[in-house]
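Structural features, examined
The lines below spell out each chain.
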Amino acid sequence: MKKVLSIVLAAVLMLSVLSGCSGGKDTNATQGGSSDKKITVAAIETAYGSEVWKKVCEAFTAQTGIEVELITDKNLEDVIGPSMQSGTYPDVIHLATGREKALTETFIKDQAILEITDVLSMTVPGEDKKVSDKIAGGFTETSLTNPYGDGKTYLAPMFYSPCGLFYNAGLFEEKQWSVPTTWDEMWELGEKAKAEGISLFTYPTTGYFDAFFYALMYSVGGPEFFDKATNYEEGIWDTPEAQTCFDIVAKLATYTEPTTPAQANDQDFTKNQQLVLDNKALFMPNGNWIVGEMANAPRADGFKWGMTALPAVTAGGDSYSYTWFEQAWIPAKAANPDEAKQFIAFLYSDTACEIFVTAVNEEGKPNPAVQPVLGIADKLEDDYKLFYAIYDNGAKAAMGNFAAFDSVVGTSNREVWFDPVNSLVAGTMTQQEWVDGIKAASDQMRANLVQ
């Protein structure tokens, strides 16, 4: 009996030792995460591709020990939508506002996004800095990240880009045309271009009018008008500033390349972008990702990318470039919120930022995804350095978007403000009909603001 007890005790002791060693190894490897944890990350596949996300997920696992199941797709909403309807949610979703299916906006309206204010005070995994020490100023103080105006952060800022009007600088040099600094100069150039069979304007999809319209509101009435307008203040759309915005968009519609509306969708938008590369249209609203997105597209001889802020309303007035950025967020019903927060924090690590900013396209050419962290612009070269220097060349930065309202309204900001531009260009809607729709919807939105 003593011999049997000795064997049993020895076995128990050995198991305890082995268990202790195993536990110590997991603690060191995960730095607070559990090695048996696994999170699901769903990221939209854009011009930056999916390879960068694979590398970042691998780096996160190596740092924390937390495994990652990665889902990427160009139509991400269609891929993750069915599983969410059945109650299974990704732990982290990288999907920006402003997309046609408005999935992120729906989650915002339904208050179904987890608050991540505490992530800002978390230490970045593998570093000694807090997340708030890494993110550039202003990015966590906008309605794009704090949609309810309560001082709390719900969406993490990702991949930012100065937005503006992109054009063929080579064509302007050839024609000896000056880039307009006011809208009056823009209309004069439109007439010159028309005489040569070139349209003044095109746009990829109406979704690109968000950055355009926000910058326009800033240039017309400054931050005060923008804040009132994006919070649906009563009577705001009857002001002279609003009328100026409507007049400019409506007049620009008359100078837009006629085939644009038919191609302004998520499948054919590159055909509209091609219009600029082929010298069939002068300007289009876009972000710096356009370089990588159209890297392999044919182009006119002497083509060179150019970018300008929106023209000022009056000579000497302010011109604005909207700072567009994507967002990452955690569904309120995510199964692993603590680990998801670690992943969000890791997205601002030097390791992740280096992977993103050194991204390349299918041809191996630079296609950087630029995180909004301090000092990141120093890593950029060529066209990208030109684009990110726009704020050094006199343009002011515009940030923010429309305030969130309850989904009971049954419509979206894009459907009300931007999608009708297709009809304005096609001539199937008048400017007044567009404005009337905005006023009616704005009243509903104001009455249903998410508090």
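The text that follows walks through the structure, step by step, so that each part is easy to find. Remember, it's a predicted structure, so these values are computed and weren't measured experimentally. (Residues numbered from 1 in each chain as written. Predicted model: local features only at pLDDT ≥ 70, side-chain atom pairs only at ≥ 80, totals over all residues. Heavy atoms only, no water.)

As a further point, take the side chain of T142. Locating T142 in the fold gives a position in the loop between α5 (131-134) and β4 (155-162). Classification of T142 as buried rests on a relative accessible area of 7%. One polar contact links the side chain of T142 to the main-chain amide nitrogen of G400, over a distance of 3.4 Å. Ignoring any residue separated from it by four or fewer positions in sequence, one finds T142 in contact with F325, M399 and G400. (Helix = DSSP H or I, 4+ residues; strand = E, 2+ residues; numbered from the N terminus. Buried < 20%, exposed > 50% of the residue type's maximum accessible area, 1.4 Å probe, protein only. Polar contact = N/O pair within 3.5 Å; in protein donor to acceptor, adjacent residues only side chain to side chain. Contact = heavy atoms within 4.5 Å.)

What follows deals with the packing of helix α8 (residues 209-230) against helix α9 (residues 240-254). In the contact formed by α8 and α9, the axes pass within 10 Å of each other and the chain directions differ by 160°. Put simply, α8 runs roughly antiparallel to α9. For the crossing formed where α8 meets α9, the hand is right-handed. On the side of α8, the interface is formed by F212, F213, L216, M217, V220, G221 and F225, while α9 contributes E241, A242, T244, C245, F246, I248, V249 and L252. When its residues are assigned to classes, the contact of α8 with α9 shows 12 nonpolar, 2 polar and 1 charged. (Axes fitted to C-alpha atoms, helices over the stretch in contact; angles between N-to-C directions. Parallel < 35°, antiparallel > 145°, perpendicular 65-115°, else oblique. Left-handed = near helix turned anticlockwise from the far one by under 90°. Nonpolar A, V, L, I, M, F, W, Y, C, P; charged D, E, K, R; others polar.)

Empty space among the atoms becomes apparent when a probe as large as a water molecule is rolled across them. Counted according to the given criterion, the structure contains 3 cavities of 30 Å³ or more. Space inside the largest cavity adds up to approximately 350 Å³. Around the largest cavity, the lining is made up of 28 residues, and of these T97, G98, E105, N401 and N413 lie nearest the centre. Where the lining of the largest cavity is concerned, the elements lending two or more residues are α4 (103-109), α8, β9 (320-329) and α16 (413-418). Residues that form the lining of the largest cavity fall into these classes: 14 nonpolar, 8 polar and 6 charged. (1 Å grid on protein atoms, 1.4 Å probe; cavity = no way out; pocket = protein on both sides within 12 Å on 5 of 7 lines; lining within 4 Å. Points joined across faces, edges and corners; volume = space filled by probe spheres on them.)

Of the voids in this model, the largest pocket is the one considered here, and its volume is about 1,300 Å³. Along its surface, the largest pocket is lined by 46 residues, and E45, T46, A47, F269 and E293 are the ones closest to its centre. If one sorts the elements of the lining of the largest pocket by residue count, helix α2 (residues 51-64) sits on top with 3 residues.

Glycine aside, residues mostly have negative phi angles, and peptide bonds mostly take the trans form. With a phi close to 60°, Y232 is a non-glycine residue in the positive phi region. Structurally, Y232 can be placed in the loop between α8 and α9. The backbone phi angle of D382 is positive, close to 55°, even though this residue is not glycine.

Further remarks concern the sheet that holds strand β7 (residues 281-286). With respect to topology, 4 strands assemble into an open sheet ordered β6-β7-β5-β8, the strand pairing being mixed. The sheet terminates laterally at β6 (199-201) and β8 (305-308), the two strands that pair on one side only. On average, each strand axis in the sheet is inclined to that of its neighbour by 25°, with strand direction left out of account. In this sheet, β7 lies alongside β6 in parallel orientation, the contact comprising 2 bridges. Within the sheet, the bridge partner assigned to F201 lies in β7 and is F283. (Pairing = 2+ DSSP bridges.)

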